[in-house]
Amino acid sequence: MTTPDAGLPADLFTTIDHVGIAVPDLREAIAFYELAFGITSVHEEVNEEQGVHEAMLSVGDGDTRIQLLAPLTPDSTIAKFIGRSGPGLQQLAFRVDDVDEASTTLRERGLRLLYDTPRRGTAGSRINFVHPKDAGGVLVELVEPAPEVH
């Protein structure tokens, strides 16, 4: 695992945005979380580019979410993850103010990112990922929320 140099700013992330969980069946997983834990879905969408049908679940009064990710096709990244590792924790996502700036900073710190430029994420957010081999085996997602429309 690459370790950043000492003395670098610690305020790269603003909060934990969500924890992503790979599931084979989105409806079944939503029902489980609602019945077992009383956690409800507050947003659902299909992201063709990422190959997922996803749901964001609200936990308590905070903004942090649980993201359930179900594959759209047998060859999607999530389907491959489930085939390799089984259902379960797939990613840890941090919220950032500017995903381009955060990506540049992390590259300067020696970390590899999966995309050259950010891609579209949930609800119009912009995202990128730190390669798990550079983050202790954890897929770390960077999330810049979509601007609020007033």
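The coordinates are above.
Residues numbered from 1 in each chain as written. Predicted model: local features only at pLDDT ≥ 70, side-chain atom pairs only at ≥ 80, totals over all residues. Heavy atoms only, no water.

(A) Just the pairing of strand β3 (residues 52-58), in detail. The buried fraction of β3 is high, at 6 of 7 residues. One ladder, built from 7 bridges, connects strand β2 (residues 40-47) with β3; its direction is antiparallel. When the bridges of β3 are listed, Glu-45 appears paired with Glu-54. Counting the residues between successive antiparallel strands, the hairpin from β2 to β3 contains 4 residues, one of them, Gly-51, with a positive phi of roughly 75 degrees. Direction of pairing for β3 relative to strand β4 (residues 65-71): antiparallel, over a ladder of 7 bridges. Its bridge partner being in β4, Ser-58 is matched across the sheet by Arg-65. As consecutive antiparallel partners, β3 and β4 are separated by 6 residues, and within that stretch Gly-60 has a phi angle of approximately 60 degrees, a positive value. (Buried < 20%, exposed > 50% of the residue type's maximum accessible area, 1.4 Å probe, protein only. Helix = DSSP H or I, 4+ residues; strand = E, 2+ residues; numbered from the N terminus. Pairing = 2+ DSSP bridges.)

(B) The packing of aromatic side chains, seen in detail. Under the criterion given, the structure shown has 5 aromatic pairs. Ring centres of Tyr-115 and Phe-129 lie 5.9 Å apart, and the angle between their planes is 80 degrees; this geometry places the pair in the edge-to-face category. Of this pair, Tyr-115 sits in the loop between α3 (99-108) and β6 (119-120) while Phe-129 sits in strand β7 (residues 126-130); the two residues are 14 residues apart in sequence, bridging distant segments of the chain. Taken together, Phe-32, Tyr-33 and Phe-37 form an aromatic cluster joined through their ring pairs. (Phe/Tyr/Trp six-rings, centres within 6.5 Å; stacked < 30°, edge-to-face > 60°.)

(C) The arrangement of helix α2 (residues 77-85) in detail. If you check which residues of α2 are buried, you get Ile-78, Ala-79, Phe-81 and Ile-82. Seen along its axis, α2 keeps its buried residues to an arc of 160 degrees; they face one direction. Counted as exposed and oriented over 90 degrees from the buried face of α2: Thr-77, Gly-83 and Arg-84. Against β1 (15-22), β3, β4 and β5 (88-95) lie the buried residues of α2. Positive backbone phi, approximately 85 degrees, marks Gly-86, located one or two places after α2. (Arc of directions from axis to C-beta. Contact = heavy atoms within 4.5 Å.)

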